[in-house]
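# Descriptive structure summary
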Amino acid sequence: MEPHSTDKAPDGGWGWIIVLVSFMAQLLAYGQTQAVGVLFPEWLTVFQEGKGLTAWVGSLVSGIGLVASPVFSACVMNFGARPVTIFSGVMVSGGLMLSAFTPNVPFLIFSYGTVVGLGCGLVHAATVTMTCQYFDKKRGLALGIVTTGTNVGGFLYATAQVELMELYGLEWCLLIVGALALHLIACAGPMRPLHVPGYFLKQKAALQRAQEQLPALPEKPPVTVYPINDTGSDEKCLTASSPKFHSNVETAHNEKLFIGYNLLKVIKDAQQAYSKYINATSRFLQDRVFVSLCFSLFLFSLGASPPVLFMEDVAQSKGLIEDISVIPLVSIVSITTGLGKLVLGVIADVRWISVMYLYLFTLIGAGVALLVIPTCGSYISLQIISVVLGFFSGNWGITPYITAKIAGLEALSQAYGILMFFGGLGTMLGAPVVGWFFDWTQSYDFAFFFSGGCVLLGGFGLFLSLLPCWAKCKAEKLESDGEHSVRCQKIASVV
């Protein structure tokens, strides 16, 4: 299927095929990372390391791909979603299979946390970018369906990995899950881009320039070498004084100049692209709402990501359950997060609802749920809190929608990459911080009070940036600037 160019998103048609394969790609890639909380107690038992160090495995696999989102977004823009998804399938599958033979936690941090995490980040960038290209009016619903794949995968993988570990052990569990991840390559097939990727456009333009400039070069004259007589006779030979020799030297010189010219042009184009990217990034970081959104997403990721990893261990440390239940708490969080993404995505498409205030409401709800976790005294109460926290964590599904509203569709990939950098940084730090709190206090209570406070602080900062007084101050400033310019014009006319 060849890429075709269009200025308008079709909002349907082949776009629903894109939604389907993107849903499956996120299910296969992020399903096992969402269910890493099931593997966490097993790793603690096998390697006998502290919870702070072991938590780096789960935090990296969820966060490092988001931290590298600006780079991955550039890869999707330049090479297209299809080759990026294929490469990610190889990374995710290879990292999982390599983790089956890990001898210690540091190697697991590399194989599972880093390699698998980077592969998942590539999948996320490719699927979100493709979905936003194909949908405009129904973008909230489409993104909700696509990102729900993460949570459906987490629900299925959590239960499946428990059964696989009981039947075959931890090593074979990771090998089987790694083999399933290879199906990401099949998901890449239908990802037909609406626009030709930038890399192919550059190659085509370079080829056209080369074809235009090559005829201007002097044709290389034939070189005739006459035999030299052994007796030293004065028969014709090619020497430095012959015209043919000078012609060959001139041709070689022109070819070198042509190669040097193209090299300088490539360097100049790269410098222009980098300067354009830096200017656009600085423009985003000057936007008050965008900066506050980055700040709130960082704090939300710092506080709300640890429950996915630690919820099972919280239940076991409090003595509420001896072993992982048939439907783990991780599965409950994952499936309700998927439900939240769908519901919030549908609500975001309603015209009279402000998406920013909807996102703010989810931050408050998630922060309150985190503060309640230390007070839970039964497994049923933990299940209820998992449902509430999972639903409000579905606000990840409307994050691309908000980014498109702030930055516009053309700059979506770059702005979303910057936003995901902050989200990934918080995800990377969240689980180790909670693990260190437990190693220090031998209790999760203080850690979850800290997590809930971080989420509420991020919501408060976003609320301040959305106050109407900012728009009023901006309007008054523009009005005063206009009056000042009018006065200056009057004075200039008098003079």
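Read on for a plain summary of the structure. (Residues numbered from 1 in each chain as written. Predicted model: local features only at pLDDT ≥ 70, side-chain atom pairs only at ≥ 80, totals over all residues. Heavy atoms only, no water.)

### Considering the packing of helix α15 (residues 355-372) against helix α17 (residues 399-407)
Where α15 contacts α17, the two axes come as close as 10 Å, and the packing angle between them is 145 degrees. Pair α15 / α17 crosses with left-handed handedness. Within the contact between the two elements, α15 uses V355, M356 and Y359 and α17 uses T399, Y401, I402 and I406. Here the contact of α15 with α17 is built from residues that sort into 6 nonpolar, 1 polar and no charged. (Axes fitted to C-alpha atoms, helices over the stretch in contact; angles between N-to-C directions. Helix = DSSP H or I, 4+ residues; strand = E, 2+ residues; numbered from the N terminus. Left-handed = near helix turned anticlockwise from the far one by under 90°. Contact = heavy atoms within 4.5 Å. Nonpolar A, V, L, I, M, F, W, Y, C, P; charged D, E, K, R; others polar.)

### Some details on helix α1 (residues 14-34)
Under the 1.5 Å per step criterion, the end-to-end length of α1 is 29 Å for 21 residues, consistent within 8% with the ideal 30 Å. Roughly 35 degrees is the biggest bend found in α1, and it falls at L28. Counted residue by residue, α1 has 16 buried out of 21 residues, so it is predominantly covered. (Expected span 1.5 Å × (residues − 1). Bend = angle between axes of the 7 residues up to and from the residue. Buried < 20%, exposed > 50% of the residue type's maximum accessible area, 1.4 Å probe, protein only.)

### Overview of a nonpolar patch on the surface
Taken together, the side chains of F295, Y357, L457, F460, F463 and L464 make up a nonpolar region of the molecular surface, amounting to roughly 570 Å² of accessible area. Take the nonpolar patch: its biggest share by element is 4 residues, from helix α19 (residues 445-465). (Patch = residues over 30% accessible without salt bridge, like charges linked within 9 Å, V, L, I, M, F, W, Y side chains within 5 Å. Areas by Shrake-Rupley, 256 points an atom, 1.4 Å probe, with all protein chains shown as cover. Salt bridge = Lys/Arg side-chain N within 4 Å of Asp/Glu carboxyl O.)

### Observations concerning the environment of V343
With respect to the helices and strands, the residue V343 is situated in helix α14 (residues 329-348). Look at V343 and you get partly exposed, because its relative accessible area is 31%. With 48 residues separating them in the primary sequence, V343 and F391 have C-alpha atoms 9.0 Å apart.

### With respect to the packing of aromatic side chains
Considering all chains together, one arrives at 7 aromatic pairs under this definition. A ring pair is formed by W43 and Y112, whose centres lie 5.3 Å apart and whose planes are at 75 degrees; its orientation type is edge-to-face. Here Y112 lies in helix α6 (residues 105-134) and W43 lies in helix α2 (residues 36-47), a separation of 69 residues in the sequence. Across the pair, exposure class does not vary: W43 and Y112 are buried alike. Note on F421 and F422: the rings are 5.5 Å apart at their centroids and 85 degrees apart in plane angle, and the pair reads as edge-to-face. We classify F422 as partly exposed; its relative accessible area is 26%. Taken together, F361, F391 and F392 form an aromatic cluster joined through their ring pairs. R192 extends its terminal NZ or CZ atom over the ring of W14, reaching a point 4.9 Å from the ring centre. (Phe/Tyr/Trp six-rings, centres within 6.5 Å; stacked < 30°, edge-to-face > 60°. Lys NZ or Arg CZ within 6 Å of the ring centre and 35° of its normal.)

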